[in-house]
Amino acid sequence: SKRVAILTSGGDAPGMNACIRAAIIACQKAEYTLLGYQHGYNGLLQQEHVSLSLGSTHNLIQQGGTILHSARCKEFKNREGLMKAADNLKQAEIDTLIVIGGDGSFRGASKLSEHWDGQIIGIPGTIDNDIAGTDATIGYFTAIDTAMSSIDKVRDTADAFERIFLVEVMGRNAGFLALNAALSSAADYVVVPEFFESAETEIQKMVTQIKAQRALKGAVSFIIVVAENVWPNGLAGLTEALQQHDISDVRPVTLGHVQRGGSPVAQDRLLATTLGEHAIKLVGSEATNIMVGEVNQHPVTVPLSRTWETSKPLNDARVEAMRTLMNERYSE
Ligand code: ATP
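Residues numbered from 1 in each chain as written. Predicted model: local features only at pLDDT ≥ 70, side-chain atom pairs only at ≥ 80, totals over all residues. Heavy atoms only, no water.

**Student:** How should I be thinking about the confidence of the model for the protein chain in this particular structure?
**Tutor:** Regions with low pLDDT carry predicted coordinates that are not meant to be interpreted in detail. Averaged over every residue, the pLDDT of the protein chain is 96; the share at 70 or more is 100%. Across the assembled chains, the prediction reports ipTM 0.97 with pTM 0.97. (pLDDT = per-residue confidence, 0-100.)

**Student:** Help me out: how do you make sense of the sheet that holds strand 10 (residues 290-295) in this one?
**Tutor:** The pairing of strands in a sheet happens through backbone hydrogen bonds and is either parallel or antiparallel. Across the sheet, seven strands lie side by side as 3-2-1-4-5-10-11; this open sheet has mixed pairing. Edge positions in the open sheet fall to strand 3 (49-51) and strand 11 (298-303), since each of these has one partner strand only. Pairwise comparison of adjacent strand axes, ignoring direction, gives a mean angle of 30 degrees for this sheet. One ladder, built from six bridges, connects strand 4 (residues 96-101) with strand 5 (residues 119-124); its direction is parallel. Residue Leu97 lies in a different strand from strand 5, and its bridge partner there is Ile120. Where helix 1 (residues 16-30) meets the sheet, it contacts strand 1 (3-8), strand 2 (33-37), strand 4 and strand 5, and its direction lies at approximately 175 degrees from that of strand 1. (Pairing = 2+ DSSP bridges. Helix = DSSP H or I, 4+ residues; strand = E, 2+ residues; numbered from the N terminus. Axes fitted to C-alpha atoms, helices over the stretch in contact; angles between N-to-C directions. Contact = heavy atoms within 4.5 Å.)

**Student:** What am I meant to see in the pairing of strand 11 here?
**Tutor:** Both faces of the sheet carry side chains from a regular strand, because those side chains alternate between them. Pairing geometry for strand 10 and strand 11, over six bridges, is antiparallel. Residue pairing for strand 11: Val295 is matched across the bridge by His298. Taking the residues that link successive antiparallel strands as the turn, the strand 10-strand 11 hairpin has two residues, and the phi of Asn296 there is positive, at about 50 degrees.

**Student:** Sorry, what's going on with the site of the ligand here?
**Tutor:** By nearness alone, 18 residues border the ligand, and Arg72, Cys73, Gly104, Ser105 and Arg172 come closest of all. One of the backbone N or O atoms of Cys73 is found 2.6 Å from an oxygen atom in the ligand. In this structure, Gly102 approaches the ligand through a main-chain N or O atom, which is 3.0 Å from an oxygen atom. Contact with the protein chains removes 88% of the 620 Å² of surface that the ligand exposes when unbound. According to the grid-proximity analysis, the pocket containing the ligand is the second largest pocket. Of all the elements, helix 4 (residues 103-112) adds the most residues to the shell around the ligand, at six residues. (Near = heavy atom within 4 Å. Polar contact = N/O pair within 3.5 Å; in protein donor to acceptor, adjacent residues only side chain to side chain. Areas by Shrake-Rupley, 256 points an atom, 1.4 Å probe, with all protein chains shown as cover. 1 Å grid on protein atoms, 1.4 Å probe; cavity = no way out; pocket = protein on both sides within 12 Å on 5 of 7 lines; lining within 4 Å. Sits in = over half its atoms within 2 Å of the grid points.)

**Student:** I tried to follow the packing of helix 6 (residues 176-184) against helix 11 (residues 316-327) on my own but got confused; where do I start?
**Tutor:** Running from N to C, helix 6 and helix 11 cross one another at 50 degrees; their axes reach a closest spacing of 10 Å. Comparing their axes, helix 11 and helix 6 come out oblique. The two elements helix 6 and helix 11 cross, and the hand of that crossing is left-handed. Contact residues: Leu179, Asn180, Ala182 and Leu183 in helix 6; Arg318, Val319, Ala321, Met322, Leu325 and Met326 in helix 11. Of the residues belonging to the contact of helix 6 with helix 11, the class tally is eight nonpolar, one polar and one charged. (Parallel < 35°, antiparallel > 145°, perpendicular 65-115°, else oblique. Left-handed = near helix turned anticlockwise from the far one by under 90°. Nonpolar A, V, L, I, M, F, W, Y, C, P; charged D, E, K, R; others polar.)

**Student:** Is there a simple way to explain the layout of surface pockets in this structure?
**Tutor:** In this approach, a probe sized like a water molecule rolls over the atoms, and the result shows the empty space that is left. In this model, the largest pocket occupies a volume close to 630 Å³. Around the largest pocket sit 27 residues that line it, and Asn129, Asp135, Ala136, Tyr140 and Phe141 are the ones nearest its centre. When contributions to the lining of the largest pocket are tallied by element, the ones reaching two or more residues are helix 5 (140-161), helix 6 and helix 9 (266-281). Considering every element that reaches the lining of the largest pocket, the biggest residue donor is helix 9, with four residues. Counted by class, the lining of the largest pocket contains eleven nonpolar, eleven polar and five charged residues. Each pocket or cavity is described by its volume, and for the second largest pocket that value is around 540 Å³. Contributing to the lining of the second largest pocket are 26 residues, with Gly10, Arg72, Lys77, Gly104 and Ser105 lying nearest its centre. (Points joined across faces, edges and corners; volume = space filled by probe spheres on them.)

**Student:** Honestly, the pattern of salt bridges in this entry has me stumped. Any pointers?
**Tutor:** Opposite charge on two side chains permits them to pair, given that their charged atoms come into close proximity. Considering all chains together, one arrives at eight salt bridges under this definition. The partner of Lys84 in a salt bridge is Glu75, with the nearest N and O atoms 3.8 Å apart. Overall, the relative accessible area of 32% leaves Glu75 in the partly exposed class. When the shortest N-O distance is used, the salt bridge between Asp249 and Arg251 registers 3.3 Å. Accessibility expressed as a relative area gives 37% for Asp249, which makes it partly exposed. Residue classification places Arg251 among the partly exposed residues on the basis of a relative accessible area of 31%. Shared partners join several salt bridges into a network, and the residues in it are Arg163, Asp249 and Arg251. (Salt bridge = Lys/Arg side-chain N within 4 Å of Asp/Glu carboxyl O. Buried < 20%, exposed > 50% of the residue type's maximum accessible area, 1.4 Å probe, protein only.)

Here is the structure:
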């Protein structure tokens, strides 16, 4: 019978618990032992683990966050840390390690495989959706929903005062969350890293849209969604740039960590459940150093390295809709 360990690492994401739950039940059925390391790779280094059994699954699917807690871990980035982790896994007689996390966590897992010959399986868990080889990542759908609802609320107050609001949305260096939150909340403009040329060209386009909208509709609100880490000096920089074009009465809103929280929406629960179950199916197989993902609603396995070496494009149709309905809606 196999001994499996699971951990959550990097930024936490809604649905991680649903994935842990699926893994617990699937292990129970296969008669595998399942250990949970706490606090990401830190728990692996400190041998901080709990046994996960059916008792842990009660009311778990709907809980945000992760019962195993997540963390960043500096020590794991050097050779000594990796060797210590490998030793601990050998001591605990683990056959398979499952890592739920983002690309950083996968890089770490891949490095670990240079020191440990057990099986390593990654499951994509991040609100950013910035992992190649899978259509979506666990937590992404809930984060879109949270950002969308927040922008809806910003719109109410923006409309009341006919103001311009800048809303910063998470996403690391990818625009998935910003683009999809903007489209689903009918924002007026979106700035994403994938199409960002320079602040100068972007501001020209933005000002054109604002002026054209005002010429057509009079004083109305205008909502600009901005992906984090794109605009030089963030929302303060953008506010200043707009003021230089005589556009004042601008209000910045940073959504921040609320985007990481909340009960997972159905799509995240379904993805997490499917991937968790599928990962346990692969225990004991030849497959190692791989991520299980989902493409066109079917589980796939891809080499871990592909998940960060390949860049993942935004959905074409969504980009087209963005151009028509937002950034290029009004002509000069
Ligand atoms: P998210 O993108 O959602 O924040 P992530 O998994 O990318 O998630 P990171 O902070 O980049 O988050 O990585 C999580 C942990 O993985 C790090 O704290 C570190 O312990 C480990 N890690 C990241 N990169 C490496 C690497 N090159 N070598 C070894 N370990 C790494």
